[in-house]
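Spelled out from the first residue to the last, the chains are:
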Amino acid sequence: MQIRENKEGALREEKPFASGMNFYKLFWVFFLGCIAGVIVETLWCLFREHMIENRSGVIYGPFNPVYGFGALIMTVCLHKLSKKRDIWIFFGSMVLGGAFEYVCSLFQEIVMGTISWDYSGMALEFGGRTSLLYSFFWGILGLFWIKDLYPRLSRLIEKIPNKVGKPLTWVLCVFMIFNMAISSLAVMRQTERHEGVPAEDPVREFLDRHYTDEFLAKIYPNMIFVEKESK
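Residues numbered from 1 in each chain as written. Predicted model: local features only at pLDDT ≥ 70, side-chain atom pairs only at ≥ 80, totals over all residues. Heavy atoms only, no water.

Novice: Please give an account of the overall build of the protein that cites residues and values.
Specialist: When helices and strands are counted, the protein shows seven helices and six strands. Listed by position from the N terminus, the elements making up the protein come as β-β-α-α-α-β-β-β-α-α-α-α-β. For the protein, the spread of C-alpha atoms along the principal axes amounts to about 75 × 45 × 35 Å. Looking at the protein as a whole, 38% of its 231 residues are labelled buried. For the protein, restricting intrachain contacts to residue pairs at least 6 apart in sequence, the fraction spanning at least 24 positions comes to 66%. In the form shown here, the protein has an accessible surface area of approximately 13,900 Å², with 66% of it arising from carbon and sulfur atoms. (Helix = DSSP H or I, 4+ residues; strand = E, 2+ residues; numbered from the N terminus. Buried < 20%, exposed > 50% of the residue type's maximum accessible area, 1.4 Å probe, protein only. Contact = heavy atoms within 4.5 Å. Areas by Shrake-Rupley, 256 points an atom, 1.4 Å probe, with all protein chains shown as cover.)

Spelled out as structure tokens, the structure:
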């Protein structure tokens, strides 16, 4: 708890700005989860492919919102299980993580016409969007998150001073909303270019000028277009 002196000179305790499971706490879980996701993906790529490759999910900064929202969902849905047996937390994380990965892949394909991962050919995969192996990884990650990482992270977030934490949260919130929005628009416009749709308005012209295919290929090296079936 932070300490502040009142008008009478007595010391009183001030409630942390991110106390409990409020908006500020959840935003920082999301924000830091975005950064942790890039680190995890980069190390995994280095381990498997022996190379460093950009694993960000947005154009500006080392952020992967898939992991950010994953951390957010794990925290909200599983925090009540933190006192339960590890096996229940593991299976809950496994199902939740696998379902989340599937939905994210489906959403990206429907809305943006692209996919960033494809598990087709793997044993026990589900539509190429997730697999039993990666669901298993989600289970381990969720268990480690709920039992160890989140409690530590929660205490660390609550140490941020009120006068810094609240305004910084809103600045970062606006930035991340803009970042995800412009990244989504740029990818959707790239899909349109791939399909031969011309730039017929100022927004499309802006996106074509500033977010070219060459530029986006560096941001999303593993993203592929989903070809539409001809009628």
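Novice: So what about the packing of helix α3 (residues 86–112) against helix α4 (residues 132–157)? Which residues, and what values?
Specialist: Across the interface, α3 lies against α4 with an axial gap of 7 Å and an inter-helix angle of 125°. Relative to α4, the element α3 is oriented oblique. As α3 runs across α4, the sense of the crossing is right-handed. Along its contact with α3, which presents Asp 86, Ile 89, Phe 90, Ser 93, Met 94, Gly 97, Gly 98, Phe 100 and Glu 101, the element α4 presents Leu 132, Tyr 134, Ser 135, Phe 136, Trp 138, Gly 139, Ile 140, Gly 142, Leu 143, Ile 146 and Lys 147. Each residue belonging to the contact of α3 with α4 can be placed in one class, and the counts come to eleven nonpolar, six polar and three charged. (Axes fitted to C-alpha atoms, helices over the stretch in contact; angles between N-to-C directions. Parallel < 35°, antiparallel > 145°, perpendicular 65-115°, else oblique. Left-handed = near helix turned anticlockwise from the far one by under 90°. Nonpolar A, V, L, I, M, F, W, Y, C, P; charged D, E, K, R; others polar.)

Novice: For the nonpolar core, give the residues involved together with the corresponding values.
Specialist: In terms of nonpolar packing, the biggest core is built from 30 residues, with Phe 17, Phe 27, Trp 28, Phe 31, Trp 145 and Ile 157 touching the most fellow members. If you list the elements that add at least two residues to this core, you get α1 (23–49), α2 (65–78), α3, α4 and α5 (162–194). With residues near it in sequence (within four places) discarded, Phe 27 still touches Thr 169, Leu 172 and Cys 173. (Core = buried A, V, L, I, M, F, W, Y, C linked by side-chain atoms within 4.5 Å.)

Novice: Give me the layout of surface pockets: which residues, what numbers.
Specialist: In this structure, the largest pocket occupies an estimated 1,500 Å³ of space. Going through the elements one at a time, α1, α2, α3, α4 and α5 are the ones with two or more residues in the lining of the largest pocket. For the lining of the largest pocket, the per-class residue count stands at 31 nonpolar, nine polar and seven charged. Roughly 280 Å³ of volume is contained in the second largest pocket. What lines the second largest pocket is a set of 15 residues, and nearest its centre among them are Gly 33, Ala 36, Leu 141, Trp 145 and Leu 149. Of all elements in the fold, only α1, α2 and α4 reach the threshold of two or more residues within the lining of the second largest pocket. Per-element accounting of the lining of the second largest pocket gives the leading share, six residues, to α4. Taken together, the residues that form the lining of the second largest pocket break down as eleven nonpolar, four polar and no charged. (1 Å grid on protein atoms, 1.4 Å probe; cavity = no way out; pocket = protein on both sides within 12 Å on 5 of 7 lines; lining within 4 Å. Points joined across faces, edges and corners; volume = space filled by probe spheres on them.)

Novice: Provide a residue-level description of α1, including the pertinent values.
Specialist: With 27 residues, α1 extends 38 Å between its outermost C-alpha atoms, agreeing within 8% with the 39 Å of an ideal straight helix rising 1.5 Å per residue. The opening residue of α1, the one whose side-chain oxygen lies 3.3 Å from the backbone nitrogen of Tyr 24, is Asn 22. Where α1 terminates, the next one or two residues include His 50, which has phi positive at roughly 60°. (Expected span 1.5 Å × (residues − 1). Polar contact = N/O pair within 3.5 Å; in protein donor to acceptor, adjacent residues only side chain to side chain.)

Novice: Explain the side chain of Gln 108 to me, and be specific about the residues and the numbers.
Specialist: Mapped onto the fold, Gln 108 is located in helix α3. The contacts of Gln 108, once residues within four sequence positions are left out, are Gly 113, Thr 114, Ile 115, Ser 116, Trp 117 and Met 223.

Novice: Could you give me a rundown of the packing of α5 against helix α6 (residues 202–210), with the residues and numbers involved?
Specialist: Where α5 meets α6, the axes come as close as 10 Å, and the angle between the chain directions of the two elements is 90°. Here α5 lies roughly perpendicular to α6, going by the angle between them. Together, Ile 182, Leu 185, Ala 186, Arg 189, Glu 192 and Arg 193 of α5 and Arg 204, Phe 206, Leu 207 and Asp 208 of α6 make up the contact between the two elements.

Novice: Describe the pattern of salt bridges, and please don't skip the residues or the numbers.
Specialist: One pass over the structure, following the stated rule, counts twelve salt bridges. The shortest N-O distance in the salt bridge between Arg 152 and Asp 148 comes to 3.1 Å. Separated by four residues within a single helix, Arg 152 and Asp 148 lie in helix α4, roughly one turn from each other. A relative accessible area of 25% places Asp 148 in the partly exposed class. Residue Arg 193 is joined to Asp 213 by a salt bridge in which the shortest nitrogen-to-oxygen separation is 2.7 Å. Here the residue Arg 193 occupies a position in helix α5, and Asp 213 occupies one in helix α7 (residues 213–219), the gap between them amounting to 20 residues. In the salt-bridge network here, residues are joined through shared partners; they are Arg 189, Glu 192, Arg 193, Asp 201, Arg 204, Asp 208 and Asp 213. (Salt bridge = Lys/Arg side-chain N within 4 Å of Asp/Glu carboxyl O.)

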